[in-house]
Amino acid sequence: MPKNSQLKCVLLIGSGPIVIGQACEFDYAGAQSLKSLSEEGIETVLINSNPATIMTDPSMADHVYLLPLTTKSIVEILKKHPNIDAVLPTMGGQTALNLCIEADEKGIWKDFGVKLIGVDIDAINITEDREKFKQLMGKIGVPVAPAKTVTSYLQGKEVAQEFGFPLVIRASFTLGGSGAAFVHKAEDFGELLTRGLEASPIHEVLIDKALVGWKEYELELLRDKNDNVVIICSIENMDPMGIHTGDSITVAPAMTLSDVTYQKMRDLAIKMMRNIGEFSGGCNVQFAVSPDENEDIIAIEINPRVSRSSALASKATGYPIAKIATKLAIGFTLDELQNQITKSTSALFEPTLDYVIVKIPRWNFDKFEGSDRTLGLQMKSVGEVMGIGRSFQEALHKATQSLEIKRNGLGADGKSYTNYEQIIDKLTHASWDRVFVIYDAIQIGIPLSRIHEITKIDMWFLKQYEELYALDVEISKFNIDTLPKDLLLEAKQKGFADRQIAHMLKCLESQVYKKRDELNINRIFKLVDTCAAEFKAETPYYYSTFEAEIERADGTRYVDNESKVSDKKKIVVLGSGPNRIGQGIEFDYSCVHGVLAASECGYETIMINCNPETVSTDFDVADKLYFEPVFWEHIYDIIRHEKPEGVIVQLGGQTALKLAEKLDRYGIKVIGTSYQSLDLAEDRGSFSELLKENYIPFPEFGVAETADEALAIADELDFPILVRPSYVLGGQGMKIVINKKELEEHVVDLLGKMPNNKLLLDHYLDGAIEAEADAICDGENVYIIGIMEHIEPCGVHSGDSNALLPPFNLGDLVMQQIKDHTNKIALALKTVGLINIQFAIKDDVVYIIEANPRASRTVPFIAKAYGEPYVNYATKVMLGEKKVTDFDFNPQLTGYAIKQPVFSFDKFHNVNKELGPEMKSTGESILFIDDLKDDIFYDLYARRKMYLSK
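Residues numbered from 1 in each chain as written. Predicted model: local features only at pLDDT ≥ 70, side-chain atom pairs only at ≥ 80, totals over all residues. Heavy atoms only, no water.

For this particular structure, what's the right way to read the nonpolar core?
For soluble globular proteins, the rule of thumb is that nonpolar side chains tend to be buried together. Counting 173 residues, the largest nonpolar core has Y319 and V649 as the members making the most contacts within it. Considering every element that reaches this core, the biggest residue donor is helix α14 (residues 434-443), with seven residues. When near neighbours in sequence (up to four residues on either side) are disregarded, V649 contacts L574, A656, L657, A660, L663, V670 and L678. Ranked by size, the runner-up nonpolar core spans 55 residues in total, among them L11, Y262, I276 and A299. (Core = buried A, V, L, I, M, F, W, Y, C linked by side-chain atoms within 4.5 Å. Buried < 20%, exposed > 50% of the residue type's maximum accessible area, 1.4 Å probe, protein only. Helix = DSSP H or I, 4+ residues; strand = E, 2+ residues; numbered from the N terminus. Contact = heavy atoms within 4.5 Å.)

Right, dumping it as structure tokens:
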């Protein structure tokens, strides 16, 4: 039992829909926290409006409320559950903290006798209110940058006059750097100050002297009620001050900090945590350090909650911060808790890393036309990846290979910039691809001193880059037959992919792979064990690396591989990589359910993924976790090592699906729907032939591979025309064009970005209604799990549409056509598992837009609305364990469920907010209504055409 025996029931507040600055790292924290409370026999009540996450799965909490995050909802829950003793708001990001403060101000917690645990209101107020924070730091002797708080335009101008430029404006009570900005010139100050004051819910900003070029660090701490404090992880930002930590490339442990300064920083962090309030739980502290030999330290901020960085620190160290923070919040002390990885040592220890991790953010600027792509104080990334390696260079390469932006790593892939002016400009104005541009700069001969002068990135990091380029140059002197073994081993140890080495040697990737195999330079796997292998780890969480062979006394040679292969039958589930628009947390939900279902069928489950924010990369979800890039070379080596029965690709979005062809070519079984069927659905031309054979209507179309072909097709079809590339997710590159000039421009642009792509040109059904169906098929039987009708007309991407489940105004004739078409298509594609089909309805005729034989964005939404574990069922069908007819389907929904998209346009000024065939939303919420008379439905229906763009 927990040490506080009065706690029997706890309310946890989630973080709501995913927006830039608050993403699935809070879903991971919440999921861990709920597990942690349940282990102690505490009843759990969850409020969260996000249907796409694992956290809101019925199995996660005793009572899950998919309600809007408002004080009205909180009161409703507290009335239903008068036994709630405490609220834990530190797992749901800024949204949960802000809601908690609002409920406190309204006296709700007091009225219902609910205690706040994990943090106290004073701590939140001190850390969020920039002025209070500054005063407290002054009192306890922690240095901060010269700064003043202002609440009006006039006060702001006076402060600017006093401090001089450059300045930093930070808005109070915001997340992800909303409203924050660097001001270099007096003429920009007015606009940026106004923006900051508007972004803050209390219309207050802190103006401080800009610490341009200083180095930035973060520490993750935990404290218990006895005032024991442990530092879980030190994180160094490769980018200097001036770029939001969420947009920075970060490295753990800190690389360029002297031991003396690190000890000073630790002491300051502990002093800060002990002085902000009496609470037990987690904390994140950020510091700036001067880039000279003095290494002066200045405190930037402290967050008394789990943060984006705590998810990263948890995955980096194997120390589950949210899980332990929850135990501390309910009264345990660190020395009473177990180290979750070794199971034999206590949680009162500081992890030691014998490896390096590198986090790189993932951006989606192409979705925000007209957006400013330079990086600054306001976070703009939509996801992130993490690479684990034995060295910074290996981890950096693995992280760049995980990004899924058609790069094979740093340089050596024919995609480098070579124009001096362009490179200097990209270094000067921190760009999303700066991690690659540094390599390009060295490649064209720009001296390190110049790169350092422009970027202020520490020389140590730049020298690491220089070594990588020197190795690239050295290898390029050889060919595949003459390349010495030691050079090939060194390249692999530094993270170069076989594709990159093939590029240097001017040969094929397969030749490099074959040569590695012959020379016994094979990938081996090491444990992430929190304690540098001093104690035995019980948790199988691995990363790959390369080691030189060790010679035994008897002359035999070996490498030390810590991943032992069992003789059980195994299934690999491929994860969805970094979050991005069009492929978000809903695929992580599907992957986790797939893993659990395979486990129930008696398989050993193996998860491969590189996203540090998600539940699928938690060390206790699958039997074995490989924290590796979802990149062919890495996957193939894991498969050769583990020898699974097959690989599940239909749960990890387009990322996993794209690898089906390679798996099939290498004779590895794709579990469920075969690669041939997946390919048929993706190839728009072949799919339309299949529809023709089955007498299913579809819009008139043509397939083009050149602009000339596209213009010829336009003569046959009527405008407007919808242009769609093959093999994309989230409507990437889709556009409705209304004349030949627009058509030509778009086709030329698309083929430049996606060479050799087949483009489908459809006659766009103007004014049609859009609907979609999800189904499970076992090859013989089909069960439709849900049909949804979109409120917006056809032409707005399904991910950006408000949609109702079940449909609200489709007649019996139309519904029957949808059911018939779904059945026919699922069987014609020989689907085994899930399928999603999208329809356009015009004049009571149902046309097919597309079919995706995989888990779709809407599956978690339908599962939550109907209270049924559809992914679990579908996985059992894929594995051949069950037929569709074996399940007792019993969906429960009174009234309607509305899927409401959420956008993050406020992060991008001057951006085009119109909606069209390319998806732009970053997340979604679910709303239940009893009937169509509901005001919310009326409002949505009235505005349905407002944002439609062609």
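When you look at the layout of surface pockets in this model, what are you seeing that I'm missing?
Over the atoms rolls a probe the size of a water molecule, and its path tells where empty space is left. Each pocket or cavity is described by its volume, and for the second largest pocket that value is around 1,000 Å³. Taken together, 38 residues make up the lining of the second largest pocket; nearest its centre are F182, H184, T374, L375 and G376. Every element with two or more residues in the lining of the second largest pocket is listed here: β8 (181-183), α8 (186-199), α13 (420-428) and α15 (448-455). Top contributing element to the lining of the second largest pocket by residue count: α8, with four residues. Of the residues in the lining of the second largest pocket, the class split is 15 nonpolar, 14 polar and nine charged. (1 Å grid on protein atoms, 1.4 Å probe; cavity = no way out; pocket = protein on both sides within 12 Å on 5 of 7 lines; lining within 4 Å. Points joined across faces, edges and corners; volume = space filled by probe spheres on them. Nonpolar A, V, L, I, M, F, W, Y, C, P; charged D, E, K, R; others polar.)

Looking at this model, I keep getting lost on the sheet that holds strand β35 (residues 923-929). Mind explaining?
Through backbone hydrogen bonds, the strands of a sheet pair up, either in parallel or in antiparallel fashion. Within the open sheet, the seven strands sit side by side as β33-β32-β29-β30-β31-β34-β35. Their pairing is antiparallel. Either end of the sheet is taken by a strand with one partner, and the two such strands are β33 (845-852) and β35. Pairwise comparison of adjacent strand axes, ignoring direction, gives a mean angle of 25° for this sheet. Alignment of strand β30 (residues 782-793) against strand β31 (residues 803-805), held across two bridges, turns out to be antiparallel. Counted as the bridge partner of E789 is L804 from β31. (Pairing = 2+ DSSP bridges. Axes fitted to C-alpha atoms, helices over the stretch in contact; angles between N-to-C directions.)

Could you clarify how one ought to interpret the pairing of strand β14 (residues 297-303) in this entry?
Within a regular strand, side chains alternate between the sheet's two faces. Most of β14 is tucked away: seven of the seven residues are buried. As paired strands, strand β13 (residues 281-289) and β14 are joined by six bridges and run antiparallel to one another. For A288, the partnering residue across the bridge sits in β14 and is I298.

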